[in-house]
Structures are given as C-alpha cells and as structure tokens.
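Listed here are the chains, written in short residue letters.
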Number of protein chains: 2
Amino acid sequence: MKIINTKDADFKAQFEQILARAKTDIKEVSSIVTSIIDDIVENKNQAIKEHIAKFDKWDVKSDEQLQIDPADMKKAYDKLDHKLRSALHMAYDRIKSYHEKQLPKSWVDFEKNGTILGQKVTPVDRAGLYIPGGKAAYPSSLLMNAIPAIVAGVEEIVVCTPTPNNEVNELLLAACHLCGITKAFKVGGASAVAAMAYGTETIPKVDVITGPGNIFVATAKKLVFGEVHIDMIAGPSEIGILSDGSANPHYLAIDLLSQAEHDEMASSIMITTCDEIANYTSKEVENYLETLSRREIAKKSIDERGAIIIAQNMDEAIDLMNEIAPEHLEVMTHNPFELLPKIKHAGAIFLGQNTPEPIGDYIAGPNHTLPTGSTAKFYSPLNVENFLKKSSIINFSKEAIDELGEACALLADTEGLTAHAESVRVRLRNEH
Amino acid sequence: MKIINTKDADFKAQFEQILARAKTDIKEVSSIVTSIIDDIVENKNQAIKEHIAKFDKWDVKSDEQLQIDPADMKKAYDKLDHKLRSALHMAYDRIKSYHEKQLPKSWVDFEKNGTILGQKVTPVDRAGLYIPGGKAAYPSSLLMNAIPAIVAGVEEIVVCTPTPNNEVNELLLAACHLCGITKAFKVGGASAVAAMAYGTETIPKVDVITGPGNIFVATAKKLVFGEVHIDMIAGPSEIGILSDGSANPHYLAIDLLSQAEHDEMASSIMITTCDEIANYTSKEVENYLETLSRREIAKKSIDERGAIIIAQNMDEAIDLMNEIAPEHLEVMTHNPFELLPKIKHAGAIFLGQNTPEPIGDYIAGPNHTLPTGSTAKFYSPLNVENFLKKSSIINFSKEAIDELGEACALLADTEGLTAHAESVRVRLRNEH
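Residues numbered from 1 in each chain as written. Chains lettered and ligands numbered in written order. Predicted model: local features only at pLDDT ≥ 70, side-chain atom pairs only at ≥ 80, totals over all residues. Heavy atoms only, no water.

(A) The arrangement of the overall build of chain A in detail. Within chain A, the regular secondary structure consists of 15 helices and 14 strands. Structurally, chain A occupies a C-alpha span of about 85 × 60 × 45 Å along its principal axes. Of all 432 residues assigned to chain A, the portion counted as buried reaches 62%. (Helix = DSSP H or I, 4+ residues; strand = E, 2+ residues; numbered from the N terminus. Buried < 20%, exposed > 50% of the residue type's maximum accessible area, 1.4 Å probe, protein only.)

(B) Structural view of the packing of helix H9 (residues 249-260) of chain B against helix H10 (residues 275-289) of chain B. Residues and elements named next belong to chain B. At a closest axis distance of 8 Å, the pairing of H9 and H10 adopts a crossing angle of 55°. By the criterion of interaxial angle, the relationship of H9 to H10 is oblique. Of the two elements, H9 crosses H10, and the hand of that crossing is right-handed. Residues Pro 249, His 250, Leu 252, Ala 253, Ile 254, Leu 256 and Leu 257 of H9 form the contact with H10, whose participating residues are Ile 277, Tyr 280, Thr 281, Glu 284, Val 285, Tyr 288 and Leu 289. Along the lines of polarity and charge, the residues of the contact of H9 with H10 split into eleven nonpolar, two polar and one charged. (Axes fitted to C-alpha atoms, helices over the stretch in contact; angles between N-to-C directions. Parallel < 35°, antiparallel > 145°, perpendicular 65-115°, else oblique. Left-handed = near helix turned anticlockwise from the far one by under 90°. Contact = heavy atoms within 4.5 Å. Nonpolar A, V, L, I, M, F, W, Y, C, P; charged D, E, K, R; others polar.)

(C) Spatial organisation of the UniProt feature "binding site: Zn(2+)" (unreviewed entry) in chain A. UniProt's entry tags A:Gln259, A:His262, A:Asp361 and A:His420 with the feature "binding site: Zn(2+)" (unreviewed entry), counted in the numbering of this structure. Judged by maximum C-alpha separation, these annotated positions cover 162 residues in sequence and are scattered in space, the widest gap reaching 56.5 Å. Tracing the sequence through the fold places A:Asp361 in helix H13 (residues 357-362). For A:Asp361, a relative accessible area of 7% corresponds to the buried category. If we skip the residues at most four places from it in the chain, A:Asp361 touches A:Ser140, A:Met144, A:Gln259, A:His262, A:His328, A:His368 and B:His420. Among the secondary structure elements, A:His420 is positioned in helix H15 (residues 418-429). Ignoring anything within four residues of it in the chain, the contact list for A:His420 reads A:Ala412, B:Ser258, B:Gln259, B:Glu261, B:His262, B:Glu357, B:Pro358, B:Asp361 and B:Tyr362. (UniProt positions renumbered as here; feature names shortened; annotations may be inferred.)

(D) Local environment of the side chain of B:Ser237. All names here are of chain B. Here Ser 237 is to be found in the loop between strand S8 (229-230) and strand S9 (238-243). You can call Ser 237 buried: its relative accessible area is 12%. Here the side chain of Ser 237 touches Gln 259 through a polar contact of 2.4 Å, side chain to side chain. (Polar contact = N/O pair within 3.5 Å; in protein donor to acceptor, adjacent residues only side chain to side chain.)

(E) Local environment of the pairing of strand S10 (residues 267-272) of chain A. The element S10(A) is extensively covered by neighbouring structure, given that six of its six residues are classed as buried. Covered by surrounding structure in S10(A) are A:Ser267, A:Ile269 and A:Ile271 together with A:Ser268, A:Met270 and A:Thr272, the residues of both alternating faces.

(F) Region of interest: the relation of the copies chain B and chain A. Rotating chain B by 180° about the axis while translating it 0.0 Å along that axis superimposes it on chain A, leaving an RMSD of 0.0 Å. Each copy turns onto its partner about a two-fold axis. Identified as the residue of chain B closest to the rotation axis by C-alpha distance is B:Lys222, at 4.0 Å. Taken as a fraction of all interface residues of chain B, those also at the interface in chain A reach 100%, which identifies the copy contact as same-surface. (Least-squares fit on C-alpha atoms with pLDDT ≥ 70 in both.)

(G) Summary view of the packing of aromatic side chains. If you walk through the whole model with that rule in mind, you get nine aromatic pairs over all chains. Taken together, a centroid distance of 6.0 Å and an interplanar angle of 70° make the contact between A:Tyr379 and B:Phe225 edge-to-face. A residue pair is termed interchain when its members come from two chains, as with A:Tyr379 in the loop between H13 and strand S14 (388-395) and B:Phe225 in the loop between helix H8 (215-224) and S8. You can call A:Tyr379 buried: its relative accessible area is 2%. Cluster of aromatic residues (ring-pair linked, three or more members): A:Phe225, A:Phe378, A:Tyr379, B:Phe225, B:Phe378 and B:Tyr379. Above the ring of A:Tyr77, the side-chain terminus of A:Arg85 is found at 5.0 Å from the ring centroid. (Phe/Tyr/Trp six-rings, centres within 6.5 Å; stacked < 30°, edge-to-face > 60°. Lys NZ or Arg CZ within 6 Å of the ring centre and 35° of its normal.)

(H) Spatial organisation of the environment of B:Ile32. Residue and element names in this part refer to chain B. In this fold, Ile 32 is placed in helix H2 (residues 27-56). Owing to a relative accessible area of 40%, Ile 32 belongs among the partly exposed residues under this scheme. Considered as a pair, Ile 32 and Ile 157 are 125 residues apart in the sequence and their alpha carbons are 28 Å apart.

(I) Layout of the domain arrangement of chain A. All names here are of chain A. Domain annotation of chain A identifies domain 1 (3-24 + 235-364), domain 2 (27-230) and domain 3 (396-429). Between the C-alpha centres of domain 1 and domain 2 the distance comes to 31 Å. Taken together, the eight residues of domain 1 in the interface contact nine residues of domain 2. A combined buried area of about 590 Å² lies between domain 1 and domain 2, and 57% of that area is made up of carbon and sulfur atoms. (Domains from an automatic or database assignment. Buried area = accessible area lost by both parts, 1.4 Å probe.)

(J) Spotlight on helix H3 (residues 70-79) of chain B. Residue and element names in this part refer to chain B. All of the buried residues along H3 are Met 73, Ala 76 and Tyr 77. An end-on view of H3 places all buried positions within 100° of arc, on one side of the element. With respect to the buried face of H3, the exposed residues turned more than 90 degrees away are Lys 75 and Lys 79. Residues of H3 that are buried sit in contact with helix H4 (82-100), helix H6 (170-179) and strand S6 (183-185). The opening residue of H3 is Asp 69, an N-cap whose side-chain oxygen sits 2.9 Å from the backbone nitrogen of Ala 71. (Arc of directions from axis to C-beta.)

Below, the structure is given as structure tokens:
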C-alpha cells in the first residue's frame with residue numbers, strides 16, 4: 001500500500017487527489033435519469049414494469065405482483081437460523097435504543113408579557129426507503145433506514161428494492177418482518193426513487209426518501225429533491241484512520257481493507273505520526289489481501305485509492321483528516337478521547353483499538369448511512385430528524401403586541417410593506 | 001375575494017388547484033442556470049464581473065470592488081434613526097434568544113460493559129447567505145439568516161447580495177454591521193450561489209448556502225446541492241388562516257393581504273367554519289385593498305390565488321389545511337392551543353388574534369425563512385441545525401466487543417463481507 005509523507009515535494013498534489021476522490025460527474029447520467037423520472041411521472045406502473053423487464057429481467061404480470069407479500073417476510077423470518085435471528089434482534093434493539101436518544105421534543109418558552117414561543121416536532125406522513133438489492137443486498141441497510149423512521153413516528157413506511165430475476169434476499173425479507181414493514185415494492189434504481197417521489201397507482205407518494213444506492217439512485221435523489229426531502233447524496237464508502245505509535249498494525253490493516261472490499265471506488269486512508277506503523281501496516285495490508293473473498297475489489301481500491309500518509313505530528317494529522325472529512329474515522333491512538341475536540345468533520349468516529357469500523361455497520365447502534373466524499377463537512381449521519389420536521393409556534397398576548405408591535409410595524413415600513421405594518425397597527429389601535 | 005364551499009360540486013377540482021399553487025417548472029430555467037454555474041466554475045471573478053455588468057448594470061473595475069467595505073456598514077449603522085436602530089436591536093436580540101433555544105448539545109451515553117455511544121455537534125466551517133437586493137431588499141432576511149449561523153458558532157459567514165447600479169440598501173448595510181458581517185459581496189442571482197458553492201479568487205467556497213431568492217436562485221441552490229448543503233428550495237410566500245365564528249374579520253382581511261402584497265404569485269387561503277365570517281372577510285379584503293401601497297400586486301394575488309373556503313366543521317378545516325401545509329398558518333379561533341395537536345404541517349403557526357403573521361416576519365424571534373408550496377410536509381423553518389452537523393461517537397471496550405462482536409461478524413458473514421467479519425474477529429482472538 002502506497003506510503004506518502006507530508007514532507008514529500010509532491011505531497012500537496014498527492015493530497016489534492018485524495019480530496020478529489022469522490023468527484024463523479026453526475027452530468028453524464030443526468031439525462032438518462034431525467035428521462036426515467038419523466039417516464040415514471042407519465043406512465044407510472046406501466047413504466048415501472050418496463051424498467052423491471054429491462055433491468056431486472058422478469059415480467060411483472062399484474063400491479064399486485066409489484067408488491068412483496070408480507071407473508072413472505074414472515075416466512076423468511078421464521079426460517080432464520082437461531083443465531084442469526086438473535087444477531088438481527090440484537091442489532092435492531094441497539095439501533096433503536098441509540099436513535100431514541102436522538103428524538104427531539106416539542107418545546108415552548110414563556111415570557112412575562114404573555115408571549116409564548118416554541119417549536120412543534122412532527123413526523124412526516126410517509127417515508128420511502130431505498131434498499132439496494134440483488135448481489136449487494138444489505139439487510140443491515142433496511143434496519144438502519146427503517147428504525148429512525150419508526151422511532152420518529154412515521155405512520156407509513158414504504159420500501160423499494162430491486163429484485164433481479166424476481167428473487168428477494170431472504171435476510172432482507174426477514175429484516176422487513178422484524179421492522180414491521182408491510183409496503184415493500186420490487187423496484188430499484190432511478191425508477192424506484194421517481195415512483196416514491198411522485199407516486200404511481202400502486203406505490204404511494206412519500207415525503208422523504210432515504211437510503212444508499214449507485215450513481216443512478218444518487219442522481220435521481222438529487223433530481224427529485226424539492227418535490228420530496230432526501231437524506232443526502234452519497235458516494236463510495238471510505239475509511240480514514242488516525243494512528244500513533246501505539247496502534248496495532250494488524251488491526252489497522254484489516255480495518256483499511258474492510259472499506260476497500262466494499263467497492264473498487266472505496267477509499268482507505270491512514271494518517272499516522274509513526275514511520276514504523278506506516279511500513280508495517282502497508283505490508284500487513286498486502287498479506288491480508290490474499291485471504292479475502294473479495295480480494296479483487298479490495299486490491300483495486302487499495303492500489304488506486306488507498307494511501308498511508310506520514311504526518312510530522314498529530315495536529316498536522318488531524319488538520320489533514322478534517323480536510324478529508326471521511327465517512328468513517330477510526331482514532332487508533334493511545335488516548336483517543338483527547339483528540340475529539342479537534343476532530344471537526346467525520347460521519348462516524350470510532351475510538352480506540354476495540355472499536356473497528358464494522359462494529360458500527362451492524363450492531364453498535366449509531367446509523368451506518370453516513371456522508372461520504374468530504375460531505376461530512378455539512379451532512380449528518382442518517383438520523384431521526386430526517387423523518388421529522390418542525391413548525392415554529394408563536395402566541396402573542398395583547399400586552400406583548402402592545403409592547404413590540406410598533407417596532408415591528410416600523411421595520412415593515414422601511415421594507416415598504418404597508419399591509420404588514422397595518423396588520424400589526426390595527427391590533428395596536430383596538431382595545432379588547 | 002373568492003369564496004368556495006367544501007360542499008360545492010367542483011370543490012375537489014378547486015382544491016387541487018390550491019394544492020398545485022407552487023408548481024413551477026424549473027426545467028425552463030435549468031439550462032440557463034446550469035450555464036451560469038459552469039461559467040462561474042470556469043471563469044470565476046471574470047464571469048462574476050460580466051454577470052454584474054449584464055444584470056446589475058455597473059462596471060466592476062477590480063476584484064476588491066466586489067466586496068462591500070465593512071466601514072460602509074458601520075457608517076450606515078451610525079446614521080440610523082434612533083427608533084429604527086432600537087427596533088433593529090430588539091429584533092436582533094429576540095431572534096438570537098429564540099435560536100439559542102434550538103442549539104443541540106453533543107451527548108454521550110454509557111453502558112455497563114464499557115461502551116460509550118454519542119453524538120458530536122459541530123458547526124460547519126463556512127456559511128453563505130444569499131440576501132435579495134435591489135428593489136426587494138429585506139434587511140430582516142439578513143438577520144434571519146445570519147443569526148442562526150452566529151448562534152451555531154460558524155467561524156466564517158459570507159453574504160452575497162445583488163447591488164443594481166452599485167447601490168446597496170442602507171438598512172441592509174446597517175444590519176450587516178449589527179451582525180458583525182465582514183465578508184459581503186456585491187453579486188446576486190445564480191452567479192452568487194455558484195460563487196459560494198465553488199469559490200472564486202475573492203469569494204470563499206462555503207459548506208452551506210441559505211436564503212431566499214427568485215426562481216434562478218432557487219434553481220441554482222438545487223443544482224449545487226451535494227457540492228454544498230442548502231436550507232430548502234422556496235417559492236412564493238403564503239398564508240393559511242383557520243378561523244371560527246370568534247374571529248375578527250378586519251384582522252383576517254389585513255392578514256390575508258399581508259401575504260398577498262409580497263408577490264403576485266403569493267397565496268392567501270382562509271378556511272373557516274363560519275359563513276358570515278367568510279362573507280364579511282371577503283368584503284373587507286376588497287375595502288382594504290384600495291389603501292395599500294402595493295395594491296396592484298396584492299389584488300392580482302388575491303384574485304388569482306386567493307380563496308376563502310367554508311368547511312363544515314373544524315376537523316374538516318384542519319384536514320384541508322394539513323393538505324395545504326402552508327408556509328404561515330394563523331389559527332384565529334376561540335381556543336387556538338387546543339387545535340395544535342391536530343395541526344401537522346405548517347412552517348410557522350400563529351396562535352390567536354393578537355398574533356398577526358407579520359410579527360413573525362420581524363420581531364417575534366422564530367425564523368421567517370420558511371418552507372412554501374406544501375414543503376412544510378418535510379422541511380423545517382431555517383434554524384441553527386442548518387449550520388451544524390453531527391458525527392456519531394462510538395467507543396467499545398474489550399468487554400463490549402467480546403460481548404457483541406460475534407453477532408456482528410455473523411451479520412457481516414451473511415452479507416459476504418469477509419474483511420468486515422475478520423476485523424471484528426481479530427479483536428476477539430486477541431487478549432490484551
């Protein structure tokens with residue numbers, strides 16, 4: 001695995017390449033995705049059926065066939081191996097418990113003059129979850145998207161997932177049953193996003209669409225943003241590791257590879273203050289690579305997008321990592337907590353040697369749907385707030401408007417809005 | 001003003017028209033805006049200067065001239081009339097106090113086995129505020145956009161505003177001084193949004209862009225979403241009023257007009273359970289119209305997009321209003337608080353006869369940047385969270401990974417991710 005040093009003459013150029021890791025030009029697919037969306041808006045179920053025939057290679061014979069039978073979910077759940085079922089339940093419980101702690105409360109605040117100001121928190125009516133299917137079916141993604149919506153109190157949750165050859169992943173079905181999903185549809189890609197954004201005869205229009213997907217799904221989410229809300233636009237997975245001399249290179253190597261095996265486009269970047277750790281980890285990565293079932297993918301990712309950076313001190317390392325703003329950040333140092341105040345940008349932060357990133361993918365509790373490609377500078381992990389929205393609450397008493405009204409009317413005057421000013425002054429004139 | 005009844009044979013069609021009030025086809029302007037963005041990305045300041053010459057009709061002679069001199073802000077503030085200055089301060093203080101109540105805290109939670117889970121809250125590094133200028137210069141918009149960013153702790157706040165003929169609104173300058181803005185630039189429209197999203201030689205690249213604007217600004221915000229975060233995509237202003245027989249029709253009429261005067265495209269909709277109130281308010285609107293400085297605009301808005309709906313009871317009225325999901329909702333009923341649990345979708349809710357909507361535009365405290373066109377079903381008012389983001393915190397002890405690791409590895413196995421599973425199991429095997 002490539003090692004670079006911040007003292008290298010070409011370091012800046014090398015680092016720019018790391019920062020540009022996620023630049024994908026969605027313009028290339030925009031026109032294809034736009035025509036898919038237009039087709040769904042115009043032809044609804046009929047368009048979906050054609051897209052399924054084309055991409056997923058099976059014939060949908062009726063509208064009913066678009067929907068997954070909840071009885072099949074229960075069957076899959078009942079058939080689960082005991083250990084796997086209890087692992088799934090453990091994940092469900094821990095994810096639920098974490099997200100419950102995120103739930104904001106409506107609040108009100110009172111002033112002496114009788115003013116009441118506040119904020120009402122309300123779940124959205126309908127949420128649409130996009131869950132990848134086929135070869136890369138990740139039941140964990142269903143838990144991670146459904147549970148925040150359940151905790152938020154969303155009444156109707158809709159799931160869309162592609163089913164190549166009309167086959168649905170059994171563990172995904174079981175996870176649907178565990179989450180109480182009843183409205184799951186066999187449609188994927190941009191078609192699924194469009195169907196949930198605009199509605200069809202069978203698939204309800206939702207208010208928020210969340211969930212991971214390829215560039216077509218990501219582009220569709222961007223294009224329907226405004227018609228519905230979306231969580232974020234995400235790209236290939238990433239890990240950043242900060243390590244000092246105390247880190248165990250075996251751990252570092254396998255953790256770097258755990259992201260690399262996701263995708264050839266995935267990025268695994270370690271920044272360390274220790275030359276020895278850099279060299280040892282680089283070699284360990286090569287050794288481990290041979291043992292992986294997805295070694296071809298992981299090797300390509302490590303070779304083309306992986307790097308170990310040697311920094312001159314931990315402050316420099318953290319500054320660089322804040323620039324990278326990785327999806328996952330492991331802090332593999334002697335006292336990881338003391339670095340937290342300086343860490344500004346990362347989707348999820350894994351502290352210490354007993355906290356490998358995969359623990360957060362499945363079972364720790366926090367969400368695994370995280371901002372990628374430096375967007376952790378402004379996006380948050382998927383959370384209950386993605387399924388809620390707020391309304392301001394304002395109540396003025398007569399005393400309050402008498403006290404504040406004239407200042408308000410004056411500001412309205414200066415903006416030339418006479419009806420605004422009058423709507424306040426009519427109350428000031430009236431005694432009641 | 002038009003009165004319709006939910007019992008009318010064509011009510012459904014009439015109501016559909018109200019629901020479709022904000023449908024604007026951004027496709028029409030998308031290609032123009034895309035080329036503006038591409039031009040800014042490629043030619044930076046040079047493109048900005050050309051756009052200013054074309055749209056704002058003045059020649060920018062140097063890069064420095066793009067920036068508003070903070071000394072001019074202070075001068076404008078010092079020149080303010082005493083009453084206006086104190087109104088501006090009152091607004092500033094109340095808006096700040098309200099938004100401080102929204103500020104979320106970072107948190108951690110501890111488990112017996114040594115697990116620490118939490119959420120770190122961090123402000124974005126740079127925020128970009130788009131503030132309309134020229135004829136529709138609203139200094140209140142600067143307060144409403146800058147204060148949440150200040151409360152969030154954003155280190156660098158950038159403002160862009162168009163300055164036709166190189167003239168800046170004096171009250172806007174004064175408001176900039178009050179908010180401590182030092183980086184304000186004389187550029188508007190899609191060019192400003194693109195400049196803040198991608199950066200130029202003079203205008204810094206930001207992480208989040210907020211603020212109101214016309215369809216070009218809204219479209220530009222949508223197109224740069226993903227490169228930066230944005231608050232929402234907003235359209236023309238709206239008011240919805242729920243009223244029973246207790247409401248004062250004078251108040252209702254002027255409140256309806258206070259939105260109508262904003263924009264010919266604005267919508268003012270009242271739903272009432274009382275025929276008399278409907279008739280009286282409709283006449284009052286016509287009377288008041290004649291007195292307004294912006295009567296042409298208000299009349300067109302009321303005639304083409306205004307409506308009073310007579311509902312058969314308050315539950316029906318609320319259901320319809322939740323469908324409309326208005327930007328501003330006035331609840332002008334005998335006991336407005338008791339309706340709050342049923343009100344699901346509205347940007348801001350104004351309770352009772354002493355709380356006219358304009359009080360929320362300027363001085364109450366909650367934000368006046370609100371979701372329009374039914375997007376209150378999924379967007380929140382602008383708030384401090386728009387300028388913050390979260391990172392999950394995960395810390396496992398050896399005891400915790402020993403307890404939960406195998407379940408995690410099992411789930412990784414089922415998804416075919418062997419490096420994920422191994423990254424957990426290597427820790428389970430090791431004693432340390």
